[in-house]
Amino acid sequence: MIGYYVHHHGLGHLHRALCVARHTRSAVTGLSSLERPPDWPGPWIRLPLDTGGRPGTDTEGQGRLHWAPLHHDGYTDRMSVLAEWLGRVRPSLLVSDVSVEVACLARLMGVPVVVAAMRGQRLDPAHRLGHDLALRLLAPWPAAAPEPGWPAHWYHKTIYASAFSRNDGRPPAPAPTPHEGRRRVLLMLGAGGCDVTPAQLRATAAATPHWRWDLLGGPGGEWTGDPWPRICAADVVVTHGGQNAVAECAAARRPAVILPQQRPFDEQYATGRALRGAGLAVVRDRWPEPPQWPDLLAEAAALGGARWSRWAPGDGAQRAARALDALAGTS
């Protein structure tokens with residue numbers, strides 16, 4: 001049995017867990033405050049939320065942890081449920097995506113831990129603790145684009161699965177065709193917050209009359225649970241630097257402009273640097289001025305999407321699953 005802790009902020013952690021769990025030979029139990037997805041392939045333990053209620057004190061454990069408040073009922077209940085499950089089931093392995101505290105709890109109870117690696121500034125004491133005690137780090141990016149500045153022993157124990165998404169192996173939609181003589185650009189911002197204002201979007205659209213803009217998420221945009229058809233229909237995708245958004249562009253092999261957003265530990269900016277260095281996408285660290293957009297979209301279209309195979313060859317989730325099965329002793 002493999003336990004898979006899924007952090008409840010956003011849906012990116014859940015999408016990654018689903019991709020991997022579908023391919024493991026081991027049974028996988030999901031552990032999360034999120035509701036059980038209809039297509040989760042195994043058991044699911046719903047955890048109490050560790051937020052709300054009376055404010056906790058010393059939430060960072062004297063600077064060694066990220067969220068471990070003292071005298072907080074929700075946090076104590078959450079860790080109690082996890083500890084009871086670990087002690088009763090005795091899993092062969094626990095994957096933490098992502099919580100330093102959950103990783104520490106499992107390791108202290110004698111369960112080997114795999115920590116989902118994330119880009120950005122992860123050399124703070126809490127990340128060092130979680131990464132140091134992990135048996136392996138699972139990186140959803142290729143070995144050819146490592147995160148710079150890590151301690152040497154982190155590199156040695158990293159599983160480079162390459163990027164993967166829920167759409168890997170899904171046939172792409174037909175190639176886009178011009179609509180009324182204009183090419184299509186999909187602005188995919190999602191629901192996690194963005195640094196773009198409606199006024200900027202209007203000015204950008206006005207500056208690019210030869211492009212037809214499709215807005216998915218962000219200010220004034222709708223969202224869909226399945227953005228794949230709209231990604232495939234775009235000549236260029238403009239999106240943030242989140243792991244899943246980038247992986248979905250890569251799976252569709254669509255040209256992309258990546259605009260990293262402010263996130264903890266500068267994760268998206270680190271992803272943008274890796275993509276720029278690998279020559280896979282056009283990357284800008286802030287929203288460009290309107291006159292810059294025509295050349296920017298033309299540059300992305302000329303770059304094309306074929307190089308995305310270096311980032312996401314299509315079997316990343318299978319690679320991750322095989323590695324976890326091996327660590328759990330499942331042939």
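Further up the page is the structure itself.
Residues numbered from 1 in each chain as written. Predicted model: local features only at pLDDT ≥ 70, side-chain atom pairs only at ≥ 80, totals over all residues. Heavy atoms only, no water.

As for the packing of aromatic side chains
The condition that has to hold: The pairing test for Phe, Tyr and Trp rings, Trp by its six-membered ring, is centres within 6.5 Å, and the orientation test on the planes gives stacked under 30 degrees, edge-to-face over 60, and tilted for anything in between. Accessibility here uses a 1.4 Å probe with only protein chains present; expressed as a share of the type maximum, an area under 20% marks a residue as buried, one over 50% as exposed, and anything in between as partly exposed.
Scanning all chains against the criterion turns up six aromatic pairs. Note on Trp150 and Trp154: the rings are 5.6 Å apart at their centroids and 75 degrees apart in plane angle, and the pair reads as edge-to-face. One exposure class covers both Trp150 and Trp154, and it is buried. Chaining the aromatic ring pairs together yields one cluster made of Trp141, Trp150, Trp154 and Tyr155.

Focus on the environment of Trp293
Formally: Under the DSSP-based scheme used, a helix requires at least four consecutive residues in state H or I and a strand at least two consecutive residues in state E, with every element numbered from the N terminus. In this analysis, two residues are considered to be in contact whenever any of their non-hydrogen atoms come within 4.5 Å of each other.
Within the secondary structure layout, Trp293 lies in helix α10 (residues 293-303). Look at Trp293 and you get buried, because its relative accessible area is 0%. Along the chain, Trp293 and Ala205 lie 88 residues apart, while their C-alpha atoms are 9.0 Å from each other. For Trp293, the contacting residues outside a window of four places in its chain are Thr204, Thr208, Trp213, Val238, Leu259, Trp287 and Pro288.

Describing the packing of helix α2 (residues 73-89) against helix α3 (residues 100-108)
Cut-off, in case you're wondering: The angle between two axes is taken between their N-to-C directions and runs from 0 to 180 degrees, where each axis is a line fitted to C-alpha atoms and a helix contributes only its stretch in contact. Should the near helix be turned anticlockwise from the far one by less than a right angle, the crossing is left-handed, and should it be turned clockwise, the crossing is right-handed. Residue classes follow a fixed rule: Ala, Val, Leu, Ile, Met, Phe, Trp, Tyr, Cys and Pro count as nonpolar, while Asp, Glu, Lys and Arg count as charged, and any other residue, Gly among them, counts as polar.
In contact at an axis separation of 10 Å, α2 and α3 are set at 40 degrees when each is read in the N-to-C sense. Relative to α3, α2 is oriented so that their crossing is right-handed. Of the residues in α3, those in contact with Tyr75, Met79, Leu82, Ala83 and Leu86 of α2 are Glu101, Val102, Leu105 and Ala106. Looking at side-chain class alone, the contact of α2 with α3 contains eight nonpolar, no polar and one charged residues.

Overview of the pairing of strand β2 (residues 28-32)
Two faces make up the sheet, and in a regular strand the side chains alternate between them. Selection rule: One bridge is not enough; two strands pair if DSSP finds at least two bridges between them.
Counting buried positions along β2 gives five out of five residues, so the element sits mostly inside the fold. Alternating residues of β2 divide into Val28, Gly30 and Ser32 and Thr29 and Leu31, and every residue in both groups is buried. As judged from the four bridges shared by strand β1 (residues 2-6) and β2, these two strands associate in the parallel manner. Directly across from Tyr5, in β2, lies its bridge partner Leu31.

Looking at the pattern of salt bridges
As a reminder, the rule being used: Basic side-chain nitrogens of Lys or Arg form a salt bridge, by our definition, when they fall within 4 Å of a carboxyl oxygen of Asp or Glu.
According to the stated counting rule, one finds 13 salt bridges in the structure shown. The residue Asp97 makes a salt bridge to Arg16 at a minimum N-O spacing of 3.2 Å. Of this pair, Asp97 sits in strand β4 (residues 93-97) while Arg16 sits in helix α1 (residues 12-21), and the two are 81 residues apart along the sequence. Judged on exposure class, the residue Asp97 and its partner Arg16 are both buried. One salt bridge connects Arg319 with Asp315, and the closest N-O pair in it is separated by 3.1 Å. Counted as one network, the salt bridges with shared partners bring together Asp214, Glu222 and Arg230.

Some thoughts on the nonpolar core
The test is simple: Among buried residues, the Ala, Val, Leu, Ile, Met, Phe, Trp, Tyr and Cys ones that are joined through side-chain atoms within 4.5 Å form a nonpolar core.
In terms of nonpolar packing, the biggest core is built from 51 residues, with Met188, Leu275, Trp308 and Trp311 touching the most fellow members. If you tally residues by element for this core, the top one is helix α8 (residues 243-252), at seven residues. Not counting the four nearest positions on each side in its chain, Met188 is found in contact with Leu216, Trp223, Pro227, Ile231, Val237, Val238, Thr239, His240, Ala245 and Cys249. Listed in part, the 26 residues of the second largest apolar core include Val20, Val28, Ala161 and Ala328.

Things to note about the side chain of Thr158
Under the convention used in this document: Each polar contact in these results corresponds to two N or O atoms within 3.5 Å; when the atoms are within protein, one needs to be able to donate a hydrogen and the other to accept it, and residues that are neighboring in sequence are counted only if both atoms are side-chain atoms.
Of note, Thr158 is situated in strand β7 (residues 158-160). Looking at Thr158, the relative accessible area reads 11%, which means it is buried. A distance of 2.6 Å separates a polar atom in the side chain of Thr158 from the backbone oxygen of Trp154. In contact with Thr158, other than residues within four places in its own chain, are Leu137, Ala139 and Trp150.

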